[in-house]
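# An overview of the molecular structure
Listed here are the chains, written in short residue letters.
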Amino acid sequence: MRFYVDFDDCLCETARSFTEIAARLFDKHLPYEEVRFFNLQDAFQLTEEQYQLLMEEGHRTEILLSYEETPGASAVLNEWIDQGHEVCIITGRPYSVCEVSRRWLAEHGLDRAKLYFLDKYGRDEFYKGSEFNLKLEDYYRMQFDYAIEDSPMAFRFFDHLPELKVLVFERPWNRENDLPGSNYIRCTNWERIRAQVAGGE
Ligand SMILES: [Mg+2]
């Protein structure tokens, strides 16, 4: 089988880190559980300039390397790889953070997973003009059996694969979203994801 796995807030606790940055830089104290919008500018009610600063800070090497692993992510992905499955991490991060992203994966035992950079959030001011290494037309030629994704803004990348099972990593910003179809299943943690895949449902 082939797996699409999102990076931020599936493999690592990115939004938790951003809540700390917003508090440190702008004195905005929003508990993680109250991050109701995937767009962090809306979530923290930031000006355009503040948002830009927040994103730049969150993409600095030391900060990216410090992201906590989401419990169980590495163990489950390695189990799948050991079983002969293919794990493709498809991130919306800009390609400029490729090296540090690979380093984070290596430091968390995930160097056997493939890593692709896809322009998922191109209309967002921070990502505009960024480079990516996976072209949209090449992405659309890839087949997947399962996708693990937290962002409702990325669900449109699954519309062409009606057989795909999308395991939605439950986060405060997607809890109230209606899911697009019966092939979407909410999962609260990696144990649930592992069980879902093992059960073949
Ligand atoms: Mg994500």
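All residue numbers here refer to positions counted from 1 along the written sequence of the relevant chain. Side-chain atom pairs in this predicted model are given and counted only at pLDDT of 80 or more, local residue features only at pLDDT of at least 70, and totals for whole chains, interfaces and linings cover all residues.

We now examine the overall build of the protein chain. Looking only at helices and strands, one finds 8 helices and 6 strands in the protein chain. Order of helices (α) and strands (β) in the protein chain, N terminus to C terminus: β-α-α-α-α-α-β-α-β-α-β-β-β-α. Each radius of gyration is computed over the set of C-alpha atoms, and the globule rule expresses the reference value as 2.2 Å times the number of residues to the power 0.38. The C-alpha radius of gyration of the protein chain comes to 16 Å, within 12% of the 17 Å expected for a compact globule of 201 residues. Based on the C-alpha atoms only, the size of the protein chain along its principal axes is roughly 45 × 35 × 30 Å. A total of 201 residues make up the protein chain; the buried ones form 31% of that total. Pairs at least 24 apart in sequence give 62% of the contacts found in the protein chain among residues at least 6 apart. Helical segments are the DSSP runs of H or I of at least four residues, strand segments are the runs of E of at least two, and each set is numbered from the N terminus. Counting other C-beta atoms within 10 Å of a residue's C-beta gives its exposure: the residue is buried at 20 or more, exposed at 12 or fewer, and partly exposed in between, where C-beta atoms are placed from the backbone. Contact between two residues is assigned whenever their backbone-derived C-beta positions fall within 7 Å.

Think of a nonpolar core as buried Ala, Val, Leu, Ile, Met, Phe, Trp, Tyr and Cys residues, each tied to the set through C-beta atoms within 7 Å. With 33 residues, the main nonpolar core has Val5, Leu77, Ile89, Ala113, Ile148, Leu167 and Ile193 as its most contacted residues. When contributions to this core are tallied by element, the ones reaching two or more residues are strand S1 (2-5), helix H5 (73-82), strand S2 (86-91), helix H6 (98-107), strand S3 (114-117), strand S4 (146-149), strand S5 (165-169) and helix H8 (190-198). Among the elements that take part in this core, S5 stands out by supplying 4 residues, more than any other. Beyond its immediate sequence surroundings of up to four residues, Ile89 is in contact with Val5, Phe7, Ala113, Lys114, Leu115 and Tyr116. One finds Phe18, Val35, Leu54 and Trp173 within the second-largest nonpolar core, a separate group that totals 13 residues.

Here we come to the pairing of S3. Burial of S3 is one-sided: the residues Leu115 and Phe117 facing one way are buried, the residues Lys114 and Tyr116 facing the other way are not. Seen with its strands pointing away from the viewer, a crossover is right-handed if its path from the first strand over the helix to the second goes clockwise. Following the chain from S2 across H6 to the adjacent parallel S3, one finds a crossover that is right-handed.

Quick look at the domain arrangement of the protein chain now. It is common to give the size of an interface as the accessible area that goes away when the parts come together. All the domain ranges listed were derived from an automatic or database domain assignment. Along its sequence, the protein chain is carved into domain 1 (2-13 + 69-198) and domain 2 (14-66). Here domain 1 and domain 2 have C-alpha centroids that lie 21 Å from each other. Opposite the 17 residues of domain 1 that make contact, domain 2 presents 18 residues. Among the residues making up the side of domain 1 that touches domain 2, the classes are represented as 9 nonpolar, 2 polar and 6 charged. Residue classes follow a fixed rule: Ala, Val, Leu, Ile, Met, Phe, Trp, Tyr, Cys and Pro count as nonpolar, while Asp, Glu, Lys and Arg count as charged, and any other residue, Gly among them, counts as polar.

Turning to H5, its buried residues are Ala73, Val76 and Leu77. Taken down its axis, H5 places every buried residue within 95 degrees of arc, on the same side. Residues of H5 that are buried in the fold lie against S1, S2 and H8. Positioned one or two residues after H5, Gly84 has a phi angle of 95 degrees, which is positive. Here the arc refers to the directions that run from the helix axis out to each C-beta atom.

Pairing between strands is defined by DSSP: at least two bridges between the two strands are required. On the basis of which strands lie adjacent, the open sheet formed by 6 strands has the order S3-S2-S1-S4-S5-S6 and parallel pairing. The open sheet is flanked by S3 and strand S6 (184-187), the only strands paired with a single partner. The mean angle between the axes of side-by-side strands here comes to 25 degrees, regardless of whether they run parallel or antiparallel. Across 4 bridges, S2 lies against S3 in parallel orientation. Looking across to S3, one finds that Ile89 is bridged to Leu115. Under this scheme, a helix contributes an axis fitted over its contacting stretch, all axes are lines through C-alpha atoms, and angles between N-to-C directions fall in the 0 to 180 degree range. This element, H8, spans S4, S5 and S6 of the sheet and lies at about 140 degrees to S6.

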